[in-house]
Amino acid sequence: METISRLTKDPVGFMRGVENVRRNPEVHDHCHIELNDGRTIERLSNGLYGAANDYLGRVWFFRDVTENKQTEAALQDLAWHDPLTGIMNRSHFFDRADEELMRAARYQRPLAILMLDLDHFKQINDSYGHAAGDQVLLSVCERWRNSLRSVDLLARLGGEEFVVLMPETGVEGATVAAERLRMTVAEPAVSLNGKEIRCTVSIGVSIMHDEDHSIDDALHRADNALYRAKGDGRNRVESMP
């Protein structure tokens with residue numbers, strides 16, 4: 001076992017688990033062990049008893065489940081992320097947003113939300129084709145990811161509509177961040193097959209209130225602010241605290 005432990009990412013934890021089942025014959029052991037070479041090994045172990053119920057020792061089984069774990073990870077990734085842009089999808093965003101909402105309420109911390117909608121995106125699809133439209137979405141999301149903090153949650157709600165949740169951020173900080181996101185879309189243009197495709201984004205900003213019951217309350221206010229940004233000429237940021 002000590003030889004095997006040296007192959008694991010956590011040799012101390014591996015040996016601790018082995019010693020625990022050795023000292024406790026009644027324990028049924030079942031766990032997954034990550035190896036340094038990237039493989040995952042499933043370990044099963046049960047106590048072995050004789051006819052008189054006397055403890056004879058322990059039987060160990062090891063099985064390589066790397067392919068299964070990789071398949072599970074790939075399926076989980078599909079369940080959580082938008083297949084085109086790679087950012088969070090709608091359902092995963094709302095799961096994470098609920099967690100952030102509870103955290104913000106518990107510790108009385110600010111929480112901001114941004115609604116983003118690319119302006120006249122249908123014209124891009126009509127003029128350059130849907131493949132070009134997809135490339136624009138990919139480029140825009142990459143720019144946004146580079147502009148946001150690691151704690152910010154960026155998701156695609158559908159089509160050309162996106163949302164950002166910003167923990168520990170009030171309306172002023174969120175508005176500054178939204179303006180930065182707006183500028184990353186406006187410049188530079190997306191280059192595709194020798195053509196420069198330009199687009200802009202309208203953004204609505206809001207924050208959570210103490211009386212809000214769900215993230216939908218702040219999302220509704222941000223959506224109203226977005227609607228106002230669209231009505232006032234697009235390519236702008238509006239806030240509705």
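Let us look at the structure shown here. (Residues numbered from 1 in each chain as written. Predicted model: local features only at pLDDT ≥ 70, side-chain atom pairs only at ≥ 80, totals over all residues. Heavy atoms only, no water.)

The final tally for this structure, using the stated rule, is three aromatic pairs. Here Trp-144 and Phe-162 contribute two aromatic rings whose centre-to-centre distance is 5.2 Å and whose plane-to-plane angle is 80 degrees, an arrangement assigned as edge-to-face. Remark: Phe-162 occurs in strand β6 (residues 161-167) and Trp-144 occurs in helix α6 (residues 130-147); sequence separation between them is 18 residues. Residues Trp-144 and Phe-162 agree in their burial class; the two are buried. (Phe/Tyr/Trp six-rings, centres within 6.5 Å; stacked < 30°, edge-to-face > 60°. Helix = DSSP H or I, 4+ residues; strand = E, 2+ residues; numbered from the N terminus. Buried < 20%, exposed > 50% of the residue type's maximum accessible area, 1.4 Å probe, protein only.)

This part covers helix α7 (residues 171-186). The first and last C-alpha atoms of α7 sit 22 Å apart over 16 residues, in line with the 22 Å expected at 1.5 Å per residue. Three or more residues of α7 are buried, namely Ala-174, Ala-177, Ala-178, Leu-181, Arg-182, Thr-184, Val-185 and Ala-186. Buried residues belonging to α7 abut β4 (111-118), α6, β6, β9 (201-207) and β10 (237-239). (Expected span 1.5 Å × (residues − 1). Contact = heavy atoms within 4.5 Å.)

Let's shift gears to the sheet that holds β9. Sheet architecture is open: five strands sit in the order β5-β6-β4-β9-β10, paired in mixed fashion. At either end of the open sheet lies a strand with only one pairing partner, and these are β5 (153-158) and β10. On average, adjacent strands in this sheet sit at an angle of 20 degrees to one another, irrespective of strand direction. Here β4 pairs with β9 via seven bridges, running antiparallel. Residue pairing for β9: Leu-116 is matched across the bridge by Ile-203. (Pairing = 2+ DSSP bridges. Axes fitted to C-alpha atoms, helices over the stretch in contact; angles between N-to-C directions.)

Below, the discussion takes up the environment of Ser-150. Note that Ser-150 resides in the loop between α6 and β5. Separated by 16 residues in the primary sequence, Ser-150 and Met-166 place their C-alpha atoms 9.9 Å from one another.

Bringing the pattern of salt bridges into the picture now. Applying the stated criterion to the full structure yields 21 salt bridges. Residue Glu-187 is joined to Arg-198 by a salt bridge in which the shortest nitrogen-to-oxygen separation is 3.3 Å. Of this pair, Glu-187 sits in the loop between α7 and β7 (190-192) while Arg-198 sits in the loop between β8 (195-197) and β9, placing them eleven residues apart in sequence. Using a relative accessible area of 49% as the deciding quantity, one classes Arg-198 as partly exposed. Several salt bridges share partner residues, and in doing so they unite Asp-37, Arg-39 and Asp-64 into one network. (Salt bridge = Lys/Arg side-chain N within 4 Å of Asp/Glu carboxyl O.)

Here Glu-187 and Pro-188 are connected by a cis peptide whose omega angle stands at -5 degrees. Tracing the sequence through the fold places Pro-188 in the loop between α7 and β7. Positive phi values are uncommon outside glycine, yet Gln-108 reaches one of about 55 degrees. With respect to the element layout, Gln-108 can be found in the loop between α4 (90-107) and β4. Overall, Gln-108 belongs to the exposed group, its relative accessible area being 57%.

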